[in-house]
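Residues per chain, in single letters:
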Amino acid sequence: ACSSKYVLSQMHPMWQGPLAIPGGDRQSPIDIIARKSVLDTELKPLVTDYDPDTCQQIWNNGYSFLVEYDDTTDKSTLKGGPLRDKYRLCQFHFHWGESNAWGSEHTVDRKLFPAELHLVHWNSDKYSLFEEAVMEDNGLAVIGVFLKVGKRHEGLQKLVDALPAIRHKDSVVEFNRFNPACLLPANTDDYWTYHGSLTTPPLTESVSWIVMKQHIEVSHDQLAVFRSLLFTSAEEDVQKSMVNNFRVQQPLRGRTVRSSFS
Ligand SMILES: NS(=O)(=O)c1ccc(C(=O)NCc2ccccc2F)cc1
Ligand SMILES: [Zn+2]
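Residues numbered from 1 in each chain as written. Chains lettered and ligands numbered in written order. Predicted model: local features only at pLDDT ≥ 70, side-chain atom pairs only at ≥ 80, totals over all residues. Heavy atoms only, no water.

K.L.:
Looking at this structure, how should I read unusual backbone geometry?
P.N.:
Leaving glycine aside, a negative phi is the common case for residues, and trans is the common case for peptide bonds. The amide bond that connects Ser-28 to the next residue, Pro-29, takes the cis arrangement and shows omega of 0 degrees. With respect to the helices and strands, the residue Pro-29 is situated in the segment before strand E1 (31–32). Residue Pro-201 is joined to Pro-202 through a cis peptide bond whose omega torsion reads 10 degrees. Inspection of the secondary structure assignment puts Pro-202 in the loop between strand E12 (191–196) and strand E13 (207–212). You will see that Asp-170, though not glycine, has its phi angle at about 70 degrees, which is positive. Its place among the elements puts Asp-170 in the loop between helix H2 (154–162) and strand E11 (172–174). Notably, Leu-203 is not glycine yet its phi reads approximately 55 degrees, a positive angle. (Helix = DSSP H or I, 4+ residues; strand = E, 2+ residues; numbered from the N terminus.)

Here's what the structure looks like:
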């Protein structure tokens, strides 16, 4: 799996401050101004091929909860879209607010969503490990999907049911046979794409972002379970609820956001 080896201690929301990022001119997240995005007719449809058997565990890393996949072979892959190479799924996670009024990292024309899903992939045509790819220009590809509050998401419920077992930071439970394709919107042909960064430390500028135009719907109660998670470990005496784990928007610095649709 891609990040379990790292204690992501610096990933505390306090890091939202002005971190000195070397040459940080392609930071994420950003506000996507729809009318300023540029249609690129060369952009292809996304091709995801996820094997539910590669799902390994779900854990609380003190910043979000991650579902990690076995990324030692090309079993769960992403290609197409803006990508030239094949990318391997290593994990997915979410960002959310303390209320339904905010929580997403990206916004569209300043519209905030209550939460955002990130499916993290690394370029397995060029690199042999996530840790290598994360340091390279287009080493990573992250699919962003906005969540809206509405009807219950049946596929998400299996995830939601596992959360009470990982309430505290650094808790892990086995999780298998989950196909993250069920979390993608019906239409994955319409997306925005731009070159950016990780939205948590080390904020490396190695991500081809692919942000879906169509959102998915989850119920109010399902989101409430996200907010029952804790930033803090079982040993700590003051428990802090895991909410508002999103980064503030970053300057575009002249970047162009391309769209696959007009
Ligand atoms: N929110 S996001 O932009 O989608 C995002 C995706 C992955 C990471 C990550 O893997 N960090 C750990 C990490 C970073 C660098 C090297 C090794 C690591 F494990 C952080 C943020
Ligand atoms: Zn993320």
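Once the structure has been displayed, the description carries forward.
K.L.:
Can you help me understand the packing of aromatic side chains in this one?
P.N.:
Geometrically, a pair of aromatic rings is defined through the distance of the ring centres and the angle of the planes. Considering all chains together, one arrives at 11 aromatic pairs under this definition. Taking 5.8 Å as the distance between ring centres and 45 degrees as the angle between the ring planes, the aromatic pair formed by Phe-65 and Trp-96 counts as tilted. Here Trp-96 lies in strand E7 (residues 87–96) and Phe-65 lies in strand E5 (residues 65–69), a separation of 31 residues in the sequence. Residue classification places Phe-65 among the buried residues on the basis of a relative accessible area of 0%. Since its relative accessible area comes to 0%, Trp-96 is described here as buried. Members of the aromatic cluster, joined through ring pairs, are Phe-65, Tyr-69, Phe-92, Phe-94, Trp-96, Phe-175, Phe-178 and Phe-226. Over the face of the ring belonging to Phe-113 we find Lys-111, whose NZ or CZ atom lies 4.9 Å from the ring centre. Across from the ring centre of Phe-175, 5.0 Å away, lies the NZ or CZ of Lys-158, which sits over that ring. (Phe/Tyr/Trp six-rings, centres within 6.5 Å; stacked < 30°, edge-to-face > 60°. Buried < 20%, exposed > 50% of the residue type's maximum accessible area, 1.4 Å probe, protein only. Lys NZ or Arg CZ within 6 Å of the ring centre and 35° of its normal.)

K.L.:
Explain the coordination of the zinc ion (ligand 2) to me, please; I cannot follow it from the model alone.
P.N.:
Tetrahedral coordination by four donors puts the ideal angle at the metal at 109.5 degrees, and octahedral coordination by six puts it at 90 or 180 degrees. Distances from the zinc ion (ligand 2) to its protein donors, His-93 (NE2), His-95 (NE2) and His-118 (ND1), fall within 2.0 Å. Viewed at the metal, the 4 donor atoms of the zinc ion (ligand 2) are separated by angles of 97 to 117 degrees, and the geometry they form is tetrahedral. Look at where the donors of the zinc ion (ligand 2) fall in the sequence and you get H-x1-H-x22-H. Highlighted residues: His-95 in strand E7 and His-118 in strand E9 (residues 115–123), separated in sequence by 23 residues. Judged by its relative accessible area of 1%, His-95 is buried. (Donors = N, O, S within 2.8 Å, 3.2 Å for Na, K, Ca; no water. Tetrahedral: all angles 85-135°; square planar, octahedral: opposite > 155°, others 65-115°.)

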